[in-house]
Amino acid sequence: MSTETSPSGNLLVDREGPVTTVTLNRPEVHNALDRELSAELNAAVKKIGVDRDCHVVVIRGAGETFCAGDDIKEFNDWQPEDLYWQVRLYQETVNLVEDLVPITIAAVDGVCTGGGLELTLVCDFVVATDRSRWGMPEINWDITPGWGGTSRLGKFAGRRKTKEWNLVGGLFDAATAERYDLVNRVCTPEQLPHDVDALIDVILAKDPATLRCTKYFLNKAAELNALQGMWFEGAPGRQVGQPFGRGIADFVDRDSRDKRRALAMSLWRE
């Protein structure tokens, strides 16, 4: 494993084979994102974006927490123009994460609020502990979301809950997050690394080109109606990748077919 530490020490990037783990490393403030860490995260995502050998990205927080969003205390030092440029940086970062070719997994423990929650919205999978706490509390500090809390969130949870969470500003638990499609899997804190690793094993067992192609279709279809989305599934869209590979041959062989299915069928089974 190789580890890169950002100049501030607040971002760690670990690479082990095809898996890259990005760790927000400010646990003393619930991994809140100040301007320095935000810039370092943006640079790290850009670097991952051109790494063709990376197939899975895990985003996590150091300590027993994920990310509390913006470091609000820092706002007191901002100049009038800073807000505009910082929001542009935030939005660029989450858009880059959403558009990454590798499959992205948010491993969430503890606090996941504001920009932290918004960061999970652009990940392909979210695995969270049962003690994680979620919310969009910006309204309590007289600020508005800037990373997708009023735009992307509604596409997951619907208009009613999105308004409630943004306008009331309360926190909610992992079970609620799972109920409203913000989480794929809820587990104990001790089980989190195991469940993330199990998901990684399943992903790495798939054909990378087919994963890349399917993820591209899914992301595009999310912004289109059904008929438009099916265009990507047709012949023109298949130029994005080569989805018909060895799997077609394996399908007609029962032993090969069962072997391919085994990991997926056993994922997160109690």
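Residues numbered from 1 in each chain as written. Predicted model: local features only at pLDDT ≥ 70, side-chain atom pairs only at ≥ 80, totals over all residues. Heavy atoms only, no water.

### Section: the pattern of salt bridges
Using the criterion set out here, one finds 14 salt bridges in the structure. One salt bridge in this structure joins R35 and D82, with 3.0 Å as the shortest N-O distance. A residue pair is termed long-range when its members are at least 10 positions apart, and R35 in helix α1 (residues 35-49) and D82 in helix α2 (residues 82-98) qualify at 47 residues. The partly exposed category is assigned to R35, whose relative accessible area is 29%. Close ionic contact of R152 with E98 constitutes a salt bridge, the shortest N to O distance being 3.0 Å. With R152 in the loop between β8 (133-135) and α4 (153-157) and E98 in helix α2, this residue pair connects regions lying 54 residues apart in the sequence. Since its relative accessible area comes to 25%, E98 is described here as partly exposed. Ionic contacts of the salt-bridge type, sharing partners, join the residues R26, D34, D71 and K73 into one network. (Salt bridge = Lys/Arg side-chain N within 4 Å of Asp/Glu carboxyl O. Helix = DSSP H or I, 4+ residues; strand = E, 2+ residues; numbered from the N terminus. Buried < 20%, exposed > 50% of the residue type's maximum accessible area, 1.4 Å probe, protein only.)

### Regarding the sheet that holds strand β6 (residues 111-113)
Pairing is mixed across the open sheet formed by three strands, whose spatial order is β6-β8-β9. The sheet is open, and its two edges are formed by β6 and β9 (171-173), each paired on a single side. Put simply, the sheet's adjacent strands are angled 25° from each other on average, direction ignored. Sheet topology places β6 next to β8; three bridges connect them, and they run parallel. (Pairing = 2+ DSSP bridges. Axes fitted to C-alpha atoms, helices over the stretch in contact; angles between N-to-C directions.)

### Some thoughts on the packing of α1 against α2
The contact between α1 and α2 brings their axes to 9 Å, and the two run at 35°. In the packing of α1 onto α2, the handedness of the crossing is left-handed. Counting all contacts with α1, which are made through R35, S38, A39, L41, N42, V45 and K46, the residues of α2 involved are D82, Q86, L89, Y90, E92, T93, L96 and V97. (Left-handed = near helix turned anticlockwise from the far one by under 90°. Contact = heavy atoms within 4.5 Å.)

### Here's the deal with α1
The end-to-end C-alpha distance of α1 is 21 Å, a good match for the 21 Å that 15 residues give at a rise of 1.5 Å each. Its buried side turned inward, α1 meets β2 (11-16), β3 (19-24), β4 (56-61) and α2. (Expected span 1.5 Å × (residues − 1).)

### Structural notes on the sheet that holds β2
If you trace the seven strands from one edge of the open sheet to the other, you get β1-β2-β3-β4-β5-β7-β10, paired in mixed fashion. In this open sheet, the two strands that pair with only one neighbour each are β1 (2-5) and β10 (185-187). Across the sheet, the axes of successive neighbouring strands diverge by a mean angle of 20°, strand direction being ignored.

### As for empty space enclosed by the protein
One pass over the full model with this rule turns up one cavity of 30 Å³ or more. Looking at the largest cavity, the residues that line it are V22, L41, V45, I48, V57, I59, V97 and L100. Those elements that place two or more of their residues in the lining of the largest cavity are α1 and β4. The element that contributes the greatest number of residues to the lining of the largest cavity is α1, accounting for three residues. Grouping the constituent residues of the lining of the largest cavity by class yields eight nonpolar, no polar and no charged. (1 Å grid on protein atoms, 1.4 Å probe; cavity = no way out; pocket = protein on both sides within 12 Å on 5 of 7 lines; lining within 4 Å. Points joined across faces, edges and corners; volume = space filled by probe spheres on them. Nonpolar A, V, L, I, M, F, W, Y, C, P; charged D, E, K, R; others polar.)

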